[in-house]
Amino acid sequence: LAKTTQPISMDSYEGQEVNITCSHNNIATNDYITWYQQFPSQGPRFIIQGYKTKVTNEVASLFIPADRKSSTLSLPRVSLSDTAVYYCLVGDGRGSTLGRLYFGRGTQLTVWP
Amino acid sequence: GAGVSQSPSNKVTEKGKDVELRCDPISGHTALYWYRQRLGQGLEFLIYFQGNSAPDKSGLPSDRFSAERTGESVSTLTIQRTQQEDSAVYLCASSRTGSAEAFFGQGTRLTVV
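My aim in this report is to walk through the structure given alongside it, one point at a time. Just so you know, these numbers come straight off a predicted model, no measurement behind them.

1. Things to note about the overall build of chain B
- For chain B, the count of helices and strands is zero helices and ten strands.
- Along the chain direction, N to C, the helices and strands of chain B fall in the order β-β-β-β-β-β-β-β-β-β.
- Seen through its principal axes, chain B has C-alpha atoms that stretch 40 × 25 × 25 Å.
- Among the 113 residues that make up chain B, the fraction classed as buried is 50%.
- Put simply, of all contacts in chain B between residues at least 6 apart along the chain, 54% involve residues at least 24 apart.
- For chain B, the computed accessible surface area is about 5,300 Å², with 44% contributed by carbon and sulfur atoms.
- When the 12 basic and 12 acidic side-chain charges of chain B are each reduced to a single mean position, those positions are 3 Å apart.

2. Quick look at the side chain of Asp 86 of chain B
Residue and element names in this part refer to chain B.
- Among the structural elements, Asp 86 can be located in the loop between β7 (75-79) and β8 (88-95).
- Within the structure, the side chain of Asp 86 is placed 2.8 Å from the backbone nitrogen of Gln 83, a separation counted as a polar contact.
- Once residues lying within four places of it in the same chain are set aside, the contact partners of Asp 86 are Arg 36, Arg 64, Phe 65, Ile 79, Leu 110 and Val 112.

3. Here's the deal with the sheet that holds strand β5 (residues 53-56) of chain A
Residues and elements named next belong to chain A.
- If you walk across this open sheet you meet the four strands as β2-β7-β6-β5, and the pairing is antiparallel. Each end of this open sheet is capped by a strand with a single partner; those strands are β2 (18-23) and β5. Sheet twist, expressed as the average angle between the axes of neighbouring strands with direction ignored, equals 15 degrees.
- Judged from the six bridges that link them, β2 and strand β7 (residues 70-75) form a sheet pairing that is antiparallel. Pairing of Ile 20 across the sheet is with Leu 73, part of β7.

4. Overview of the state of the cysteines
- This model, assessed by the stated rule, comprises two disulfides over all chains.
- Paired by a disulfide, Cys 22 of chain A and Cys 88 of chain A hold their sulfur atoms 2.2 Å apart. With the S-S dihedral at roughly -80 degrees, the linkage between Cys 22 of chain A and Cys 88 of chain A falls on the left-handed side. Of the two residues, Cys 22 of chain A is situated in strand β2 and Cys 88 of chain A in strand β8 (residues 84-91); the sequence distance between them amounts to 66 residues. Per residue, the accessibility class of Cys 22 of chain A equals that of Cys 88 of chain A, and both read buried.
- Covalently, Cys 23 of chain B is tied to Cys 92 of chain B through a disulfide, its sulfur atoms 1.9 Å apart. When the S-S torsion is -65 degrees, as for the bridge of Cys 23 of chain B with Cys 92 of chain B, the disulfide is left-handed. With Cys 23 of chain B in strand β3 (residues 19-24) and Cys 92 of chain B in strand β8, this pair connects stretches of sequence that are 69 residues apart. The exposure classification of Cys 23 of chain B matches that of Cys 92 of chain B, with both residues buried.

5. Here we look at the environment of Gln 6 of chain B
Residues and elements named next belong to chain B.
- As for its placement among the helices and strands, Gln 6 is situated in strand β1 (residues 5-7).
- Along the chain, Gln 6 and Thr 78 lie 72 residues apart, while their C-alpha atoms are 13 Å from each other.
- The contacts of Gln 6, once residues within four sequence positions are left out, are Arg 22, Trp 34, Tyr 90, Leu 91, Cys 92, Gly 105, Gln 106, Gly 107 and Thr 108.
- Looking at Gln 6, its side chain comes within polar contact range of the main-chain nitrogen of Gly 107, at 3.0 Å.

6. Considering the sheet that holds β7 of chain B
All names here are of chain B.
- Read across the sheet, four strands follow the order β1-β3-β7-β6 without closing on themselves; strand pairing throughout is antiparallel. Two strands close off the open sheet at either side, each with one partner strand: β1 and β6 (65-69). Taken over all neighbouring pairs, the strand axes of this sheet differ in orientation by 15 degrees on average, direction set aside.
- Here five bridges tie β3 to β7, and the two strands are oriented antiparallel to one another. Bridge pairing links Cys 23 to Ser 75 in β7.

Cut-offs applied
Residues numbered from 1 in each chain as written. Chains lettered and ligands numbered in written order. Predicted model: local features only at pLDDT ≥ 70, side-chain atom pairs only at ≥ 80, totals over all residues. Heavy atoms only, no water. Helix = DSSP H or I, 4+ residues; strand = E, 2+ residues; numbered from the N terminus. Buried < 20%, exposed > 50% of the residue type's maximum accessible area, 1.4 Å probe, protein only. Contact = heavy atoms within 4.5 Å. Areas by Shrake-Rupley, 256 points an atom, 1.4 Å probe, with all protein chains shown as cover. Lys, Arg positive; Asp, Glu negative; His and termini not counted. Charge placed at Lys NZ, Arg CZ, Asp CG, Glu CD. Polar contact = N/O pair within 3.5 Å; in protein donor to acceptor, adjacent residues only side chain to side chain. Pairing = 2+ DSSP bridges. Axes fitted to C-alpha atoms, helices over the stretch in contact; angles between N-to-C directions. Disulfide = S-S within 2.5 Å.

Below you can see the structure in the form of structure tokens.
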């Protein structure tokens, strides 16, 4: 399974755009990149998933370069409520032989007023 | 139900006792996961069920841990002869076949004294 590396923590201020980059040098051809968000005392929540180029939804954007060895989660205009741990996962989450999802330590994002 | 339900929400047990944790997944979700999260740490994969396939038990830390699932419904995680290092939040998640979007329960906080 591809190992992921992401910063342990990041700080931002309300209204700013936040970009969290995840490295996954050993990503396999059939691997997807998925991001989750976890608030204190809650289970993680799915944010976004992508395979290549750019994916955008109502919450975030995911940028994946051509070599797919990294990905960047972009949160536009963060607010205090975006303070959470963000996890980058790489794996075949599309129901093939590897259905399990591996979470690392994640990135603790703290948004200040 | 509307979401993944776990019970109990909190459990305090004495060292050496057995405990059973329950997870009710979202109806129709064929995949079910168990994770362990120690304080301040990321999620540690324990076990994965996918339909009627043999479960992936590769994450279970010792033979004191076991899990069962009845068809595509309820799952129980059993920890025998609990130890203090078993203290953690145990999270259950479910997803549809072929989806990387897993829905997590609120977790069971286990404290072994």
